[in-house]
Amino acid sequence: MQDIAASLERGRPKDLASGAQVLSGQLGKTIQRLRKAYNLSLSELAEQSGVAKSIISQIERNETNPTLATIWRLSQALDVSIERVLATSDEEPFIERFSRADTPRLVSDDGKVRLAIIGWIKTVEWLQWYDVTADPGGVLESDPHQRGSVESLSVLEGSFEVDVAGEVQRANAGETLRYRCDRPHSVRCLGEAPGRATMVVIMKAAVME
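Small disclaimer: the values here were computed from a predicted structure and weren't measured.

Undergrad: Any chance you could explain the side chain of threonine 70 here in plain terms?
TA: Within the secondary structure, threonine 70 is located in helix α5 (residues 68-77). Overall, threonine 70 belongs to the buried group, its relative accessible area being 10%. Setting aside residues no more than four positions away along its own chain, threonine 70 makes contact with Val51 and Ile59.

The following block contains the structure:
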């Protein structure tokens, strides 16, 4: 596995025998979870990876066995190592360790807020959590999540401001803001110093009245 991954990461997927296949009932689920973690549609992943939308759809439904070159292109588009994509055993270890390279990252539109996806990829459809780092003045604007979803922002360093549909609250280091995120909302880093926080999103939580 390591030799295959090393060859792929050197940018030479064609060095592998054409048609080499990986048989796994979990591969499709892994690709789908990673895609959803980035909020990518099938079309968007197809555009970024160069793999046909129909092929990605078949992979996610476990209706085809993709070549290693195809898996390599998808792993590059999803910004994870190919080892992570191919780690498909049902008997996963009790303790898992991930490097920085294995951690998917999102960036705000202004480029000043960065979210490392540190939550378990298998829970992304109902529970997500992120390590948030932000430059002063950075803003993360988000569209509404599913009705009843709740977001929790625990500030570790600096100060942040949360705006939920016009209602604004501020939190400093050691404080937490919890709010409905099923409406437009934004997080802003205040002051002149960088900020850091942990963000947890509970999707489809009980509706708060």
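Undergrad: Please clarify how the environment of valine 51 should be interpreted in this entry.
TA: Within the secondary structure layout, valine 51 lies in the loop between α3 (42-49) and α4 (53-60). Judged by relative accessible area, which is 4%, valine 51 ranks as buried. In this structure, the C-alpha to C-alpha distance between valine 51 and arginine 73, residues 22 residues apart in sequence, is 7.3 Å. Setting aside residues no more than four positions away along its own chain, valine 51 makes contact with Ala46, Ile56, Thr70, Arg73 and Leu74.

Undergrad: Any chance you could explain the sheet that holds strand β6 (residues 159-164) here in plain terms?
TA: Each strand in a sheet pairs with its neighbour through backbone hydrogen bonds, running either in the same direction (parallel) or in the opposite one (antiparallel). Spatially, β4-β9-β6-β7 is the arrangement adopted by the four strands of the open sheet, whose pairing is antiparallel. Here the strands that pair on one side only, and so sit at the sheet edges, are β4 (139-142) and β7 (167-172). Pairwise comparison of adjacent strand axes, ignoring direction, gives a mean angle of 15 degrees for this sheet. One ladder, built from six bridges, connects β6 with β7; its direction is antiparallel. By the bridge assignment for β7, glutamate 161 is matched with arginine 170.

Definitions and limits used
Residues numbered from 1 in each chain as written. Predicted model: local features only at pLDDT ≥ 70, side-chain atom pairs only at ≥ 80, totals over all residues. Heavy atoms only, no water. Helix = DSSP H or I, 4+ residues; strand = E, 2+ residues; numbered from the N terminus. Buried < 20%, exposed > 50% of the residue type's maximum accessible area, 1.4 Å probe, protein only. Contact = heavy atoms within 4.5 Å. Pairing = 2+ DSSP bridges. Axes fitted to C-alpha atoms, helices over the stretch in contact; angles between N-to-C directions.

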